[in-house]
Structures are given as C-alpha cells and as structure tokens.
Amino acid sequence: MERVQVPLAGREYDILIGPGLIAGAGTHLAPLLDRPRVAVLTDETVAARHLEALRAGLAGAGITMTALALPPGEATKGWAQFSRAVEWLIEQKVERRDIVLALGGGVVGDLAGFAAAVLRRGVRFVQLPTTLLAQVDSSVGGKTGINSPQGKNLIGAFHQPSLVLADTGALDTLPPRDFLAGYGEVVKYGLLGDAEFFAWLERHGPDLARGDAAARIRAVRRSCEMKAAIVLRDETEQGERALLNLGHTFGHALEAVTGYGDRLLHGEGVAIGCALAFELSARLGLCSQEDPGRVRAHLDAMGMKKDLADIPGDLPDADALLGLMAQDKKVMDGRLRFILARGIGDAFVTAEVETGMLRGMLADALAAR
Ligand code: GLY
C-alpha cells in the first residue's frame, strides 16, 4: 500500500492507495471515529459492486453503517439529489463529530463532500473513490459541489476530506471506456508538470489499461503526489492550482455541446482538450511543433479519443465553442485564462491568447472532421 500525505496545516490527511482498501476501510477509519457508526453516500451501480464488501469490513472493525444509493450519472449532481442526500443525513442523525463516507466516482464524491461541507455547518468526510478519475483527481484536494443548470460545478465549497482510501482493486470492475476516460486525467499530470512521468506513461500506459496492478498503483500515486503538492501551495486556486485544469476549458465546452453524456465522457473531453492546448501552444510558438503530435500519438496508442474528429455526431462552429468557453470559471475581468505549455511537462497559466488565433485553431480542428 502507498501513502501520499496532504499536510495542510490543521487539516492534514493521508491518501492511501492499493488493493483491498474498501474491505479494509474499518481499520483506517476506526482511529478517526468518535463513535462506531458511519453514513455512506454512494450510487446504485457502485453499491451493487462494493457496498456489501464495505459493510462486512466495517462490521469486522465493530463499525455499523447506513447507506443511501443515489441514481448513477452526472444528472445526480444537482439540487434535487443533493437536498435528498442532506435530508437523509439529517434523518440518520449524523452528528457534528461523525464521518460521512463517499463511495463512488466523481459525482458521488463531489456531492457527498458538499453535503458534508454544509451539514451542521460542516462534518468530516472520507473519500472512497472507485473510478480512476476520482482516484487521481476529484477525491483529492477538497473541491466539492454540484452543477447548476447554467454550468458544471458552479455551486460548491472547498472542504478537504479527512482521509482518502483509493482501492485500486475497484478499477478492475470499471468498464474499459471509463478506465480510459480517467486515464485522460493521468496523462494530464505528465503533460502539465512531469515530462518523465509522461514518458513512463508512453511506455507503460498499455500495461495499465491491461490491468497491471503495480503500474496502476504507481500511476495513481504519482498523480496524487502531484495534485497534493499543487493543492498545498494553492488550495483555493488563486494561481497555480489552475494548472490542474489543463485541457478542461476546451473539454468543458465539448462536454456542454455533446450534452454531458455518453457521446463524450469528461475524461475524454479533457484528453482532447489537452491535445488542443498543445496545438494552440505550438501555433503560438511556445512549444515545439512536434509536441502536439506526441500527445496525440500517445492518446491514439491508448485507443482514446484525441481529436474533434473522434467525437460522434455534429458539432457547432468555432464561435459557438468560443461562446461556451467564455463561461469558464477561470474567466477574470471578462478575459479567459488558458493553460498552455512550453513543452511536455511545462504548463503555465496565461490570459494572453488572442481570440482570432483561437478561433482559427478551432475552425481548422473542426474542418479536419
Ligand atoms: N480538478 C481540478 C482541481 O481539483 O483543482
């Protein structure tokens, strides 16, 4: 088992990474609990796969558990299921010193974390992420929240978990497409800040996809280490944390036009967005002309979407995409901030992107479909 520490003063926590952490959760939770009971928020798909293992493991440690399974999918991450979850936690008489467990992917983790942030003005919560995306990104760093009809993650709070248990065995039950979508976030870490990690992924990515447990643990650990280091320096995203959004400005616009669903998963949008960010960086003369091709070649080797041409169905024109990008949370004083790169492993934040250049790049990418 690997351990990554997030040493935020007064709110430090560990991320444990390895197989068997769902069944073994009781051992790690017991020292945190004032009384031996927890309330679990999960979704129906994850509950069918993992809830009994969690219940049995907790019972073995003398901890009782009550659980609410929400419908799976992004549509759950809104006011309706959020208020249902909060009311349920109140009915369960969850007290200030109790702990809420979030068992599932990014939707459950974000919603449960936000519920914990506002319940009784804040109770502790523990993340048990079951998807690759949640293990390497959304369960770490304390961003919690829900979507508004106007956009993703527009309602929320920073609320750090007290512990993250990333059971890499849970990745074995993921559909391959979901695994690869999460892998889009893993690649992002290499691209934004660690060229050696990206080169390692070029060599070992296919092993990860095939189920190599040691390679998976190493990839999750390195991703969490990088995220923890950035969160430590910039918890509330005043600057550097925005680097974690590499590929996301493009990705969110593409998710919006494809309906936040099966046509394009979040991690797929991020992967295509990373390729576009490198394309833009190359056009601006910031990185070498070879870098975008290298990014796309790796995504291609992994069997992932890498271009706008890989998105099924129609897409709107460049101006419509630009309009959606203007909704991005990184907009400041009406100026969109972009994550661009001077090379693989060397990303930075800038507001200096000329709209004409961006429109031209998007128009070319759309024309290549
Ligand atoms: N997922 C980006 C962040 O946590 O900052």
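Preceding this section is the structure that the text describes.
Peer 1: Even after reading the chapter, I still don't get empty space enclosed by the protein, so can you show me in this structure?
Peer 2: The probe, sized like a water molecule, is rolled over the atoms to show the empty space still left. Overall, the coordinates contain three cavities of 30 Å³ or more when judged by the stated rule. Lining of the largest cavity is provided by Asn 245, Gly 247, His 248, Thr 249, Phe 250, Ala 277, Phe 338 and Ile 339. Only α9 (248–257) and β10 (338–343) provide two or more residues apiece to the lining of the largest cavity. Ranked by residues supplied to the lining of the largest cavity, first place goes to α9 with three residues. Counted by class, the lining of the largest cavity contains four nonpolar, four polar and no charged residues.

Peer 1: Teacher, can you tell me more about the sheet that holds strand β6 (residues 124–129) here?
Peer 2: Strands pair in a sheet through their backbones, by hydrogen bonds, and they do so in one of two ways: parallel or antiparallel. If you walk across this open sheet you meet the seven strands as β1-β2-β9-β6-β5-β3-β4, and the pairing is mixed. Looking along the sheet, the strands with just one partner apiece sit at the ends: β1 (2–6) and β4 (64–70). Adjacent strand axes in the sheet meet at a mean angle of 20° when their direction is disregarded. As defined by bridge partners, β6 adjoins strand β9 (residues 163–167) across two bridges and the pair is classed as parallel. Along β9, the bridge assignment pairs Val 126 with Leu 163. In the packing of helix α3 (residues 79–91) onto the sheet, the strands contacted are β3 (37–43), β4 and β5 (99–104), and the crossing angle to β4 comes to about 160°. Strands in contact with helix α8 (residues 213–233) are β1 and β2 (13–18); relative to β1, the strand with the most contacts, it is inclined by about 10°.

Peer 1: Help me understand the environment of Leu 191, please; the structure alone is not making it clear to me.
Peer 2: Locating Leu 191 in the fold gives a position in helix α6 (residues 176–193). Owing to a relative accessible area of 0%, Leu 191 belongs among the buried residues under this scheme. In the structure, Leu 191 is positioned 87 residues away from Phe 278 in sequence and 9.2 Å away in space, judged by C-alpha atoms.

Peer 1: What exactly am I supposed to notice about α3 here?
Peer 2: An α-helix turns once every 3.6 residues. As a result, residues three or four positions apart point the same way. The terminal C-alpha atoms of α3 lie 18 Å apart, and with 13 residues this matches the ideal 18 Å at 1.5 Å per residue to within 8%. Within the sequence span of α3, burial applies to Gln 81, Phe 82, Ala 85, Val 86, Trp 88 and Leu 89. End-on, the buried residues of α3 take up no more than an arc of 160°, which puts them together on one face. The outward face of α3, more than 90 degrees from its buried face, is lined by the exposed residues Ala 80 and Glu 91. If you follow the buried residues of α3, they end up packed against β3, β4, β5, α4 (106–118) and β7 (143–148).

Peer 1: Whenever I open this one, the packing of α6 against helix α10 (residues 266–283) confuses me. Can you help?
Peer 2: Helix-helix packing: each pair is described by the crossing angle between the helix axes and the interaxial distance. As a packed pair, α6 and α10 sit with axes 7 Å apart at the nearest point and diverge in direction by 35°. Viewed along their axes, α6 and α10 form a crossing whose handedness is left-handed. From α6, Arg 177, Ala 181, Gly 184, Glu 185, Lys 188 and Leu 191 reach across to α10, where they touch His 266, Gly 267, Glu 268, Val 270, Ala 271, Cys 274 and Phe 278. Taken together, the residues of the contact of α6 with α10 break down into six nonpolar, three polar and four charged.

Peer 1: What's the story with the packing of aromatic side chains in this structure? I'm lost.
Peer 2: Aromatic ring pairs are described here by two measures, namely the spacing of the ring centres and the angle between the planes. Enumeration over the complete set of coordinates arrives at four aromatic pairs. Taking 6.1 Å as the distance between ring centres and 15° as the angle between the ring planes, the aromatic pair formed by Phe 197 and Trp 200 counts as stacked. Placement of both Phe 197 and Trp 200 in helix α7 (residues 195–210) is noted, with a separation of three residues, approximately one turn of the helix. The buried category is assigned to Trp 200, whose relative accessible area is 8%. Here a set of aromatic residues connected by ring pairs shows up, and it is made of Trp 79, Phe 82 and Phe 114. One residue, Lys 188, lies across the ring of Tyr 189, its end atom 4.8 Å from the ring centre. Above the face of the Phe 348 ring, Arg 342 is positioned so that its terminal group lies 4.0 Å from the ring centre.

Basis of the calculations
Residues numbered from 1 in each chain as written. Predicted model: local features only at pLDDT ≥ 70, side-chain atom pairs only at ≥ 80, totals over all residues. Heavy atoms only, no water. 1 Å grid on protein atoms, 1.4 Å probe; cavity = no way out; pocket = protein on both sides within 12 Å on 5 of 7 lines; lining within 4 Å. Points joined across faces, edges and corners; volume = space filled by probe spheres on them. Helix = DSSP H or I, 4+ residues; strand = E, 2+ residues; numbered from the N terminus. Nonpolar A, V, L, I, M, F, W, Y, C, P; charged D, E, K, R; others polar. Pairing = 2+ DSSP bridges. Axes fitted to C-alpha atoms, helices over the stretch in contact; angles between N-to-C directions. Contact = heavy atoms within 4.5 Å. Buried < 20%, exposed > 50% of the residue type's maximum accessible area, 1.4 Å probe, protein only. Expected span 1.5 Å × (residues − 1). Arc of directions from axis to C-beta. Left-handed = near helix turned anticlockwise from the far one by under 90°. Phe/Tyr/Trp six-rings, centres within 6.5 Å; stacked < 30°, edge-to-face > 60°. Lys NZ or Arg CZ within 6 Å of the ring centre and 35° of its normal.

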